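# Breakdown of the fold
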2 protein chains.
Amino acid sequence: MLSKKTKYGLKALTYLAKVDDRQPVQIAEIAKHENISQKFLESILLTLRRNGFLGSKKGKGGGYYLIKEPKDIPMTTVMRVLEGPIAMVPCVSLNFYEKCDDCPNEDECSVHKLMLQVRDSALDVYRNNTLADLL
Amino acid sequence: MLSKKTKYGLKALTYLAKVDDRQPVQIAEIAKHENISQKFLESILLTLRRNGFLGSKKGKGGGYYLIKEPKDIPMTTVMRVLEGPIAMVPCVSLNFYEKCDDCPNEDECSVHKLMLQVRDSALDVYRNNTLADLL
DNA sequence: TGAAAACCCTATTAAATCGATAGGGTAAAA
DNA sequence: TTTTACCCTATCGATTTAATAGGGTTTTCA
């Protein structure tokens, strides 16, 4: 399942991508428009800012804004920051690899074999979609 | 993340597919060989039996056995029975569809758009793999 | 300059899920 | 008729998730 965190994060990015001139948008505005708990969204936007997707401006007239062009934001990076590993099992993860403690031999593991394909196909989708493609 | 239930279920199916003549195999044997908690595996095998993948034989010399040819067991059905929906969000699920309560318009939803592609690519993998392909 | 606006941060919590365990009941085969 | 092995229910601890609470700090503008 996709977490609400990722879902809300994607919606917020989409919303910001549609704003003219990258004007700062208040959290409250995004939360209201996308039906998201404001406090929860706050923490998500913070994560996105810390990871280089968003900039923020404090004080009156402040808010969050995109600091990259939507076409330069691939879904791979968004997903990894918000959702974590793209792979369904750590033993086939590129960025979060971990050996299974129960499995003695990855090369002969049927789960490994299948999940490797699933990872590749998902990766293919994420690599071929930038934020611009979702608008 | 792939649940251990699915992981163990797949491993058990693979194990049973390799057995000659579809001889019944005891739970304990599978559990030991695949490093799975026996009681947990028991419940998984029961699910697989109830869903038409396995047969069982009670009493001495009993156990579980495949009742179909591995090539006739597509991963789509295995995944749906063990893991549930293949889609990452209910609003793009074929077999477990549900409308998002926060999203007013699916056609304009960026998450929907992306997750539809992810679902299709995963589905593609599962449809092109039977149990026989994982041996 | 000071107060309001808006970001920033930590802690807590309710609910759900997961993986595992416990303990027995029941059917079938030797 | 006894053993074997499947069958079933209930429970539990740990973890994660989504949300809430509550306050802080910085910046802007009147």
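Residues numbered from 1 in each chain as written. Chains lettered and ligands numbered in written order. Predicted model: local features only at pLDDT ≥ 70, side-chain atom pairs only at ≥ 80, totals over all residues. Heavy atoms only, no water.

## Quick notes on unusual backbone geometry
Glycine aside, a negative phi is what most residues show, and trans is what most peptide bonds show. Rules: Every helix listed is a DSSP run of H or I at least four residues long, and every strand listed is a run of E at least two residues long, numbered separately from the N terminus.
For Asn35 of chain A, which is not a glycine, the phi torsion comes out positive at approximately 55 degrees. Here Asn35 of chain A shows up in the loop between α2 (27-34) and α3 (38-50).

## Section: the protein's contact with DNA strand C
As a reminder of what qualifies: Throughout, the term near means that a residue has one or more heavy atoms lying within 4 Å of the molecule or strand in question. Here a polar contact is taken to be a pair of N or O atoms separated by no more than 3.5 Å, where protein atoms must pair a possible hydrogen donor with a possible acceptor and residues adjacent in sequence count only if both atoms sit in side chains. The residue classification treats Ala, Val, Leu, Ile, Met, Phe, Trp, Tyr, Cys and Pro as nonpolar and Asp, Glu, Lys and Arg as charged. All others, Gly included, are polar.
The local shell around DNA strand C holds 28 residues, among which Gln26, Glu42 and Tyr64 of chain A together with Lys39 and Phe40 of chain B are the closest. In the interface set of DNA strand C, defined as its atoms within 4 Å of the protein, sugar plus phosphate atoms amount to 76%. Within the side chain of Tyr64 of chain A, an N or O atom sits 2.5 Å from a phosphate oxygen of DNA strand C. At 2.3 Å from a base oxygen of DNA strand C is found a side-chain nitrogen or oxygen belonging to Lys39 of chain B. Counting only elements with at least two residues in the surface near DNA strand C, the list comes to α3, β1 (54-57) and β2 (63-66) of chain A together with α1 (4-17) and α3 (38-50) of chain B. No other element matches the 5 residues that α3 of chain A contributes to the surface near DNA strand C. The residue makeup of the surface near DNA strand C, split by class, is 6 nonpolar, 9 polar and 13 charged.

## Brief notes about the protein's contact with DNA strand D
If you check the shell around DNA strand D, you find 25 residues, and the closest are Lys39 and Phe40 of chain A together with Glu42, Ser56 and Tyr64 of chain B. What you see for DNA strand D is that sugar and phosphate hold 76% of its atoms within 4 Å of the protein. Here a phosphate oxygen of DNA strand D and a backbone polar atom of Lys4 of chain A are 3.0 Å apart. For DNA strand D, a base nitrogen lies 2.4 Å from a polar atom in the side chain of Glu42 of chain B. For the surface near DNA strand D, the secondary-structure elements that each account for two or more residues are α1 (4-17) and α3 of chain A together with α3, β1 (54-57) and β2 (63-66) of chain B. At 5 residues, α3 of chain B tops the list of elements feeding residues into the surface near DNA strand D. Grouping the constituent residues of the surface near DNA strand D by class yields 6 nonpolar, 7 polar and 12 charged.

## Observations regarding the layout of surface pockets
Quick note on the threshold: Put simply, the grid is 1 Å and covers the protein atoms alone, a cavity is a trapped set of points that fit a 1.4 Å probe, a pocket is an open set with protein on both sides within 12 Å along at least five of seven lines, and lining residues have an atom within 4 Å of a point. Grid points are joined across faces, edges and corners, and a volume is the space filled by probe spheres set on the points.
For the largest pocket, the calculated volume is near 540 Å³. Lining the largest pocket are 26 residues; nearest its centre among them are Met1, Ile86 and Met88 of chain A together with Met1 and Met88 of chain B.

## A closer look at α2 of chain A
Residues and elements named next belong to chain A. Under the convention used in this document: Only protein chains enter the accessibility calculation, which uses a 1.4 Å probe; a residue is then buried when its area is under 20% of its type maximum, exposed when over 50%, and partly exposed in between. The arc refers to the directions leading from the helix axis to the C-beta atoms. Any two residues having at least one pair of non-hydrogen atoms within 4.5 Å are treated as being in contact.
Three or more residues of α2 are buried, namely Ile27, Ile30, Ala31 and Glu34. Along α2, the residues classed as buried sweep out an arc of 100 degrees about the axis, all on the same side. In α2, the exposed residues that point more than 90 degrees away from the buried face are Lys32 and His33. Of the surrounding secondary structure, the elements contacted by the buried residues of α2 are α1, α3 and β2. Downstream of α2 by a residue or two, Asn35 has a phi angle that is positive, lying close to 55 degrees.

## Section: the interface of chain B and chain A
Selection rule: Note on definitions: buried area is the accessible-area loss of two parts on being combined, 1.4 Å probe, summed for both. Take a side-chain nitrogen of Lys or Arg and a carboxyl oxygen of Asp or Glu: if they are within 4 Å of each other, that pair is a salt bridge.
Between chain B and chain A, the contact holds 34 residues from the first and 34 residues from the second. Summed over both partners, the interface of chain B with chain A buries about 3100 Å², with 62% contributed by carbon and sulfur atoms. Its largest share of buried area at the contact with chain A, chain B owes to Met88, Asp102 and Leu114 of chain B, together 20% of the area lost on that side. Counting the contacts that link chain B with chain A gives 4 salt bridges. The salt bridge partner of Asp102 of chain A is Lys7 of chain B, with a shortest N-O separation of 3.1 Å. Inspection of the region where chain B meets chain A yields 15 residue pairs in polar contact (both at pLDDT 80 or more). Looking at the side of chain B that touches chain A, the elements that each hand over two or more residues are α1, α4 (75-82) and α5 (110-127) of chain B. For the side of chain B that touches chain A, the leading source of residues is α5 of chain B, giving 11 residues. In terms of residue class, the side of chain B that touches chain A is made up of 21 nonpolar, 6 polar and 7 charged.

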